[in-house]
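Working through the structure, step by step
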Amino acid sequence: MAIKDQRDFWSGIMFAGFGVFFVGFAQEYDMGTASRMGPAFFPTVLGALLAFLGVIIAFKGMITRPTDGTDGSLGRFDWRAVLLVLGAVAVFAFLLKPAGIVLAMVAMIT
């Protein structure tokens, strides 16, 4: 079966992957019950819902074509944007304690 909308398919796979990760990571804690929730309850339920949603989106990407007039293919990955965002977060993290929140925010935004 061919992938008809690559954007939906790969975003669904990403959602499912994150959901499975959070469900697996949360299993190190006590689950509890619905009336007495433990620390693993919320991440497990939310991760399972995210994985389920990801499977639905990935399946939709395999059977339907995009409706926005594009071919649904992925464009080039913009590494520059990713590095700028991660760099801004790192600058904020390093400046927060010594410079304070106001100067750290100014440095992150500019």
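For the structure itself, consult the block above.
Residues numbered from 1 in each chain as written. Predicted model: local features only at pLDDT ≥ 70, side-chain atom pairs only at ≥ 80, totals over all residues. Heavy atoms only, no water.

Now for the overall build of the protein. Each helix and strand counted, the protein has 4 helices and 0 strands in total. Element order for the protein, N to C, with α for helix and β for strand: α-α-α-α. Here the C-alpha radius of gyration of the protein, 20 Å, is well above what a compact globule of 110 residues would show, namely 13 Å. In terms of principal-axis extent, the alpha carbons of the protein reach across some 55 × 45 × 20 Å. Residue burial in the protein is summarised as follows: out of 110 residues, 19% are buried. Nonlocal contacts in the protein, meaning residues at least 24 apart in sequence, comprise 65% of its contacts between residues at least 6 apart. Counting only carbon and sulfur atoms, one obtains 74% of the accessible surface of the protein, whose full area is about 8,400 Å². Looking at the protein, you have 8 positive and 7 negative side-chain charges, and the mean spots of the two groups are 3 Å apart. (Helix = DSSP H or I, 4+ residues; strand = E, 2+ residues; numbered from the N terminus. Rg over C-alpha atoms; globule rule 2.2 N^0.38 Å. Buried < 20%, exposed > 50% of the residue type's maximum accessible area, 1.4 Å probe, protein only. Contact = heavy atoms within 4.5 Å. Areas by Shrake-Rupley, 256 points an atom, 1.4 Å probe, with all protein chains shown as cover. Lys, Arg positive; Asp, Glu negative; His and termini not counted. Charge placed at Lys NZ, Arg CZ, Asp CG, Glu CD.)

Right, let's get into helix α3 (residues 79-99). Side chains three or four residues apart in an α-helix point the same way, a direct result of the helix having 3.6 residues per turn. Over its 21 residues, α3 extends 29 Å from the first C-alpha to the last, a length consistent with the 30 Å expected when each residue adds 1.5 Å. Just downstream of α3 lies Gly 100, where phi reads positive at about 95°. (Expected span 1.5 Å × (residues − 1).)

Its 23 residues give helix α2 (residues 41-63) an end-to-end C-alpha distance of 33 Å, which sits within 8% of 33 Å, the value for a rise of 1.5 Å per residue. Within the sequence span of α2, burial applies to Phe 41, Thr 44, Gly 47, Ala 51, Gly 54, Ile 57, Ala 58 and Gly 61. Along its buried surface, α2 packs onto α1 (6-26).

A few words now on the packing of aromatic side chains. For any two aromatic rings, the description comes down to two numbers: the centre-to-centre distance and the angle of the planes. Enumeration according to the criterion identifies 5 aromatic pairs in this entry. Pairing Phe 25 with Tyr 29 gives two aromatic rings, centres 6.5 Å apart and planes at 70°, and the pair type is edge-to-face. We classify Tyr 29 as partly exposed; its relative accessible area is 44%. Between Phe 77 and Trp 79, the aromatic rings sit 4.6 Å apart at their centres with planes inclined by 70°, giving edge-to-face as the arrangement. The exposure class assigned to Trp 79 is exposed, which follows from its relative accessible area of 58%. (Phe/Tyr/Trp six-rings, centres within 6.5 Å; stacked < 30°, edge-to-face > 60°.)

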